[in-house]
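Single-letter residue listing:
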Amino acid sequence: MWKEFKSFAMKGNVLDLAVAVIIGAAFGKIVTSLVGDIIMPLIGLISGGIDLKELSFGIGEAEVKYGLFLQTVVDFFIISFSIFMVVKLSSRFRRKETVKVEVVETPAPTPDVVLLTEIRDLLRADKQRETGV
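Just so it is clear, the model here is predicted, and its values are computed rather than measured.

## Description of the UniProt feature "transmembrane region" (unreviewed entry) in the chain
As recorded in UniProt, the sites labelled "transmembrane region" (unreviewed entry) are residues 21-46 and 66-87. Helix makes up 100% of residues 21-46 and strand makes up 0%, while its end C-alpha atoms are separated by 35 Å. Secondary structure content for residues 66-87 is 100% helix and 0% strand, while the C-alpha to C-alpha distance between its ends is 31 Å.

Written out as structure tokens, the structure reads:
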């Protein structure tokens, strides 16, 4: 069982996925800091000094913190846009790396090949008529 696990864990796709998860988590922290420490304070400053994280309202005993939700939405859009740009950039590089394949047209069959093909087709048709298939 240990050997099977080791071979599974050492496959390229699993290692790539592990690296992607770690980088994604770090990237998420960077974006959260960007939004929370730079973008949202600037939006608050533009909107007259309102701290969006503190926006909330109460319903009975419950407190709805919609300011934190707005911050999370901004996080999502920044992460989504960043991922879109990375995918777009990588697809551009992949297109440049692909080698153009030349399509070689097959030459037209020679007259003797055409004649032999016709004879074969006639013999098949004649045999099908005899057997009734």
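The discussion continues.
## What about the side chain of Gln71?
Along the chain, Gln71 turns up in helix H3 (residues 66-97). Other than its neighbours up to four places away in sequence, Gln71 contacts Thr32, Val35, Gly36, Met40 and Lys53.

## Points about the packing of aromatic side chains
If you walk through the whole model with that rule in mind, you get two aromatic pairs. Considering the side-chain rings of Phe57 and Tyr66, the 5.9 Å spacing of their centres and the 40 degrees angle between planes classify their relative orientation as tilted. A residue is classified by how much of its surface remains accessible, and Phe57, at 40% relative accessible area, is partly exposed. Of the residues examined, Tyr66 reaches a relative accessible area of 34% and is grouped as partly exposed.

## Quick word on the confidence of the model for the chain
When pLDDT is averaged along the chain, the result is 81, and 93% of the positions lie at 70 or above. Here helix H1 (residues 2-9) stands out as the least confident element of the chain, with mean pLDDT 76; strand E2 (residues 62-64) is the most confident, with 90.

Criteria and thresholds
- Residues numbered from 1 in each chain as written.
- Predicted model: local features only at pLDDT ≥ 70, side-chain atom pairs only at ≥ 80, totals over all residues.
- Heavy atoms only, no water.
- UniProt positions renumbered as here; feature names shortened; annotations may be inferred.
- Helix = DSSP H or I, 4+ residues; strand = E, 2+ residues; numbered from the N terminus.
- Contact = heavy atoms within 4.5 Å.
- Phe/Tyr/Trp six-rings, centres within 6.5 Å; stacked < 30°, edge-to-face > 60°.
- Buried < 20%, exposed > 50% of the residue type's maximum accessible area, 1.4 Å probe, protein only.
- pLDDT = per-residue confidence, 0-100.

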